[in-house]
Structures are given as structure tokens and as C-alpha cells.
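Commentary on secondary and tertiary structure
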Amino acid sequence: MSGRKQEQEQEHRQRHVRVAVIGSGFGGLGAAVRLRREGITDFVVLERADSVGGTWRDNSYPGCTCDVPSHLYSFSFAPNPDWPRTFSGQEHIRAYLEHVTDVFRLRPHIRFGREVRMMTWDNDELHWTIETSQETYTADVVVSATGPLSDPKIPDIPGLDGFPGKVFHSARWDHGHELSGQRVAMVGTGASAIQIVPAIQPRVGRLTLFQRTPPWVMPRMDRRITDAERWLHRQLPFTQSVRRGALWGIRELQVSAFTKRPGELGPIEALAKANLAKHVKDPGLRARLTPDYRIGCKRILLSSEYYPAITRPNVDVVTSALAEVRGSTLVAADGSESEADVIVFGTGFHVTDMPIADRVTGADGITLAEAWKDGMQSLRGAAAAGFPNWLSIIGPNTGLGNSSMILMIESQLNYLADYLRQLHILGGRTALAARPAAVAAWNRRVQARMTRTVWNTGCSSWYLDAAGRNTTVWPGTTGEFRRLTREVNLSEYDIVRAPVREEVAG
């Protein structure tokens, strides 16, 4: 064998791994920790950016904070007794993820600057070929942890290309551009916008808020966590577990109102209206800020600063979508016009049409996007039909409307661990392929339950796909999902073994 061929084969061996994890946010780092705990060290984490953090790295806009309590928005296996506030800011969550990366010795496995361009299943070799921006890997199993909030969505607005000022999305904040004294247009009134508005309002010259649909906003009961509390959690770790358990239990008790009896949310809606009335005295503005849909149909937002900010003299609320841009003039759908130097889009992400789906080609030679053309669906939020040995973290119908996604991620990590155990037991070059009938049956049950939920009561939200189907949210408790993903049911999979190669006579 020539030296060059030996080098090529060695290079190939070095780039073949048992597991390839895509993304280094909560899902990707959690998967990496779980792999190490299962005794699997032959894996890589492919990350397109130059640091870990996922959405908490990308979203660094002014005022960025989490709307889930800190002690619930963290891994159960990596408690943090030193959270500074009951609701943590972006910088604290990102620092936590960096800490997890170091404590669990994950950095040797992470390959930064590796954007995945294509993943293709090889039916003969029973592995995935993963082409990145730097090199190509092969992997027996792929764990896709890119997350639904990773690719910003900017609407196609006529004339936007001709806008002479600065344009950026909230998840790609331009920290080098000074907003002081400028005329700023904020497009959207979602979770990011209600944090950005009060953060920038005091320093901008004029702020125009384009509100297509008003959100329901509840007060944010945030406070500094005292030194005594932190000392207690460090000295007596069980107290932190009790705190986490209480936060979890309260949210579990709320689930039935969201999933079975939306009418029970009436008192919460009354509190939200009282919050609005407290801060917005102008009856005309208050009417424009009052939603016409059941609270909870869209995500309930938390802020104690949003309403006071938009009542300030330098803020205009346009209760219409941005329809056209004519130079520096912004034209709303209702025909009103305003001038701007900067446009900030808080218009969400590609959730039901994730770009990664176009880059995954399965056993039948079609992409995941093509397989999901009629709506995303997978088995237990993890395995898609036609894509063997490919699992997603935060897959279809695993989102939550009232609790911490870390709970769902950890459930899916349990499923991943058992999936890998089953492959090890089966031995040899083997793959598990989710049976189409099993995927369809799971999704029929999920969608049947969805009809009773608050998310299907008539509003338009990012929970719904283009056909109006809810393919994002889980219609149950996190405890139920944990039970349903504790282990792999092999009856829901076809076991695929590598073809036997014929020996060639010498």
C-alpha cells in the first residue's frame, strides 16, 4: 500500500466517529455530557460559530433575559448555586454554558467553525457522511441539536434593500452601531422586542414600534438572589433541589389549563388586563395594546418595564405590520408613515421550516425538508421516518408554553442514551430506522390532543406551521414526556444491518 493511500485511510479513520452532535447550545452540550456519562468518548460536537452557547450566544441584544426561573433553567446534573437573579440575563446563562463545557471536559470534542452543509445517509455503509465548511466526517449516529431558535427570520418587505440606514435582526445585534439619538423602528412585539424596547427607549431619539398583534404581558417577578440564599445552596445542595422541585411542580399544575381547559386561564387573563391598566392610562392606547385572543394562545410574555416604556413621549405604537420601505420612510399596512435611521427586526425564527432540514438527506434519497413538506413529525420528538440513526434534540412537538425546555432536553437525552445502548446490544454495523407507521401513530395521538389546547384556539403564532398545524408544542406535562421517552421501544423501529460483503478470491 502506498504511503499516500495509508495517509488517506488514516485521515478517514480519524474523521469517523461513533456519534456526531450538531450544535453546542443546551441540547448539544447536554448530549455531549450524556455521551461521556455513558462511556462514549468517540464523538464530536460540530459548531458553526466560534464559541458555545447556541441561542444564548447569538441573542446578545440589550435587555436579553430568560423568562424561566434560573434554578429551573439549568441542567439537573449541573446545578448552579450562584445564580445572581431569579430570572437570569443572557450573560449569566452563557457563562453557565461555558462553565458546563469546562467542568465536563467537553472542549476536546468540540470543532468550532464547522457549519454543516450536508448530511447524507449511506445505505451500504450504514453511516452518515457529514460535509462541513472545513472537512468531511462520517458518523454512525447523528444527534441534531441545532434548536428551533437558531436561524432568524426577516420578512420579505418591498423596498427593504433600498433602506439607507442600518438593518439587523435581534438575534444578530450590531453592537458597533450606536443608537443614541437615532430614529429606531422595532418590528415585532414578541419575547425579544418587549425586552429590547425598554432597554433602548431612554437613549434613542424616537422609537416606532410596529405591532401586528399585541401580546399578553404579565409582570416579571424578578429580584436579586441574596448572598444568604446562595450560601445556603452551596452549603446544603438539597435546598437548591427543593427550590427547583417547587418551581417545576407549580408549572406542572398549570399544564391542564393550557392543554385541556383553556377557560381556566380566565383569571390569569384578568391579571394581565390589570397589569396593562396599571401602566397604560390612555384608554385609546390601552385598547390598541389589548389582545383579542385567549391568553396563552401565544406565549405569555413577562416584563415589568415594557408598558411603562411604550408610554414615554418618544415612543409611537403603530398597530399594523410594516408593509413597505420607501427610502427612509416606513409604510405600515394601514397606510401610516414614519421615518427611521435603523430597523430592528424582532420577527422570530425559522421554527417550522428549519434550514437544517434542507441539508439532511435520508435513506430514500430525499431531504428532511421534503419528508416534512406536509408538516414536521417525528417519533417521540426524536426520530424521523426515513432517517436511520438520526435523532433530534428539541424536535417536533417538544416545545413548551409554560415551563423550562431543559426538562424536555433531559428527557430526550434519556432516549438518546437508551438508543445507543440498544445499538450496542444489537452489535455489528446496525441502524435503527423509525417505522413510518409508528411515527404516524405517535403524531396522530399528539395532534388529537392538540385540538383541546389553548394554542389551537384561533390565534396566529409561531407554534403553527404554514398549514395551521401545531408541530412545535408538547400537549402534556414534562413528567409525562419523561415517562414516554425513558426507553426505546424496538417495536417502533426496523433493525437495519449492513449487507454482507462477498469475499473476492485472490
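Values in this document were obtained by computation on a predicted structure and should not be read as measured data.

Parsing the protein chain into structural domains produces domain 1 (15-151 + 352-497) and domain 2 (160-215 + 298-345). Look at where the C-alpha atoms of domain 1 and domain 2 centre, and you get two points 32 Å apart. The partner domain 2 presents 15 residues to the 20 residues of domain 1 that form the contact. For the pair domain 1 and domain 2, the two sides together bury roughly 1400 Å², of which 45% comes from carbon and sulfur. Of all residues in domain 1, the largest losses of buried area upon contact with domain 2 belong to Tyr61, Pro62 and Asp67, amounting jointly to 42% of the total for that side. The tally of links from domain 1 across to domain 2 stands at two salt bridges. Asp58 is the partner of Arg172 in a salt bridge, and the nearest nitrogen-oxygen pair spans 3.9 Å. Taken together, the links from domain 1 to domain 2 amount to seven residue pairs in polar contact (both at pLDDT 80 or more). A class-by-class count of the residues in the side of domain 1 that touches domain 2 yields eight nonpolar, nine polar and three charged.

Time to look at the packing of helix α6 (residues 227-235) against helix α7 (residues 237-259). Two quantities define a packed helix pair, namely the angle between the axes and the distance from one axis to the other. Between α6 and α7, whose axes approach to 4 Å, the crossing angle comes to 110°. By the criterion of interaxial angle, the relationship of α6 to α7 is roughly perpendicular. Between α6 and α7, the contacting residues are Glu229, Leu232, His233, Arg234 and Gln235 on the first element and Pro237, Thr239, Gln240 and Arg243 on the second. Split by residue class, the contact of α6 with α7 holds two nonpolar, four polar and three charged.

A volume near 690 Å³ is recorded for the second largest pocket. Together, 24 residues line the second largest pocket, and Arg251, Gln254, Ile300, Leu302 and Asn402 are the ones closest to its centre. Of all the secondary structure elements, the ones that give two or more residues to the lining of the second largest pocket are α7 and α8 (266-279). With six residues, α7 is the single largest residue contributor to the lining of the second largest pocket. Among the residues forming the lining of the second largest pocket, the class breakdown is 16 nonpolar, four polar and four charged. Two domains each donate at least three residues to the lining of the second largest pocket, and these are domain 1 (15-151 + 352-497) and domain 2 (160-215 + 298-345).

This brings us to the packing of aromatic side chains. In the structure shown here, the tally under the stated rule is 17 aromatic pairs. Their ring planes at 75° and their centres at 5.8 Å tell us that Trp56 and Tyr73 sit as a pair that is edge-to-face. One end of the pair, Trp56, is in helix α3 (residues 55-58); the other, Tyr73, is in the loop between α3 and α4 (90-103), and 17 residues separate them in sequence. Among the residues examined, Trp56 registers a relative accessible area of 9% and is labelled buried. Both rings, one in Phe75 and one in Phe77, keep their centres 4.6 Å apart while their planes meet at 15°; by these two values the pair is stacked. Taking the relative accessible area as the measure of exposure, Phe75 reaches 1% and is therefore buried. One aromatic cluster in this structure is built from Phe26, Trp56, Tyr73, Phe75, Phe77, Trp83, Tyr96 and Phe104. For Arg449, the ring lying beneath its charged end belongs to Trp474, and the centroid distance is 5.4 Å.

Another aspect to go through is the sheet that holds strand β13 (residues 322-326). Strand order in the open sheet formed by three strands is β13-β14-β15, and the pairing between neighbours is antiparallel. Both edges of this open sheet fall to β13 and β15 (337-339), since each of them pairs with a single strand only. Averaged over all neighbouring strand pairs, the angle between strand axes comes to 25°, with direction disregarded.

All right, on to a nonpolar patch on the surface then. There is a patch of nonpolar side chains on the surface, built from Trp231, Leu232, Leu236, Phe238 and Val242 and spanning about 500 Å² of accessible area. Mapped onto the fold, Val242 is located in helix α7.

Another point: the state of the cysteines. Counting across every chain of the model gives one disulfide. The disulfide that involves Cys297 links it to Cys459, with 2.0 Å between the sulfurs. Disulfide Cys297-Cys459: torsion about the S-S bond near -95°, hence left-handed. Of this pair, Cys297 sits in the loop between α9 (283-288) and β11 (301-302) while Cys459 sits in the loop between α13 (436-450) and α14 (478-484); the two residues are 162 residues apart in sequence, bridging distant segments of the chain. Of the residues examined, Cys459 reaches a relative accessible area of 9% and is grouped as buried. No disulfide involves Cys64; its nearest neighbouring cysteine sulfur is the one of Cys66, lying 8.7 Å away. Judged by relative accessible area, which is 4%, Cys66 ranks as buried.

Scoring rules and cut-offs
Residues numbered from 1 in each chain as written. Predicted model: local features only at pLDDT ≥ 70, side-chain atom pairs only at ≥ 80, totals over all residues. Heavy atoms only, no water. Domains from an automatic or database assignment. Contact = heavy atoms within 4.5 Å. Buried area = accessible area lost by both parts, 1.4 Å probe. Salt bridge = Lys/Arg side-chain N within 4 Å of Asp/Glu carboxyl O. Polar contact = N/O pair within 3.5 Å; in protein donor to acceptor, adjacent residues only side chain to side chain. Nonpolar A, V, L, I, M, F, W, Y, C, P; charged D, E, K, R; others polar. Axes fitted to C-alpha atoms, helices over the stretch in contact; angles between N-to-C directions. Helix = DSSP H or I, 4+ residues; strand = E, 2+ residues; numbered from the N terminus. Parallel < 35°, antiparallel > 145°, perpendicular 65-115°, else oblique. 1 Å grid on protein atoms, 1.4 Å probe; cavity = no way out; pocket = protein on both sides within 12 Å on 5 of 7 lines; lining within 4 Å. Points joined across faces, edges and corners; volume = space filled by probe spheres on them. Phe/Tyr/Trp six-rings, centres within 6.5 Å; stacked < 30°, edge-to-face > 60°. Buried < 20%, exposed > 50% of the residue type's maximum accessible area, 1.4 Å probe, protein only. Lys NZ or Arg CZ within 6 Å of the ring centre and 35° of its normal. Pairing = 2+ DSSP bridges. Patch = residues over 30% accessible without salt bridge, like charges linked within 9 Å, V, L, I, M, F, W, Y side chains within 5 Å. Areas by Shrake-Rupley, 256 points an atom, 1.4 Å probe, with all protein chains shown as cover. Disulfide = S-S within 2.5 Å.

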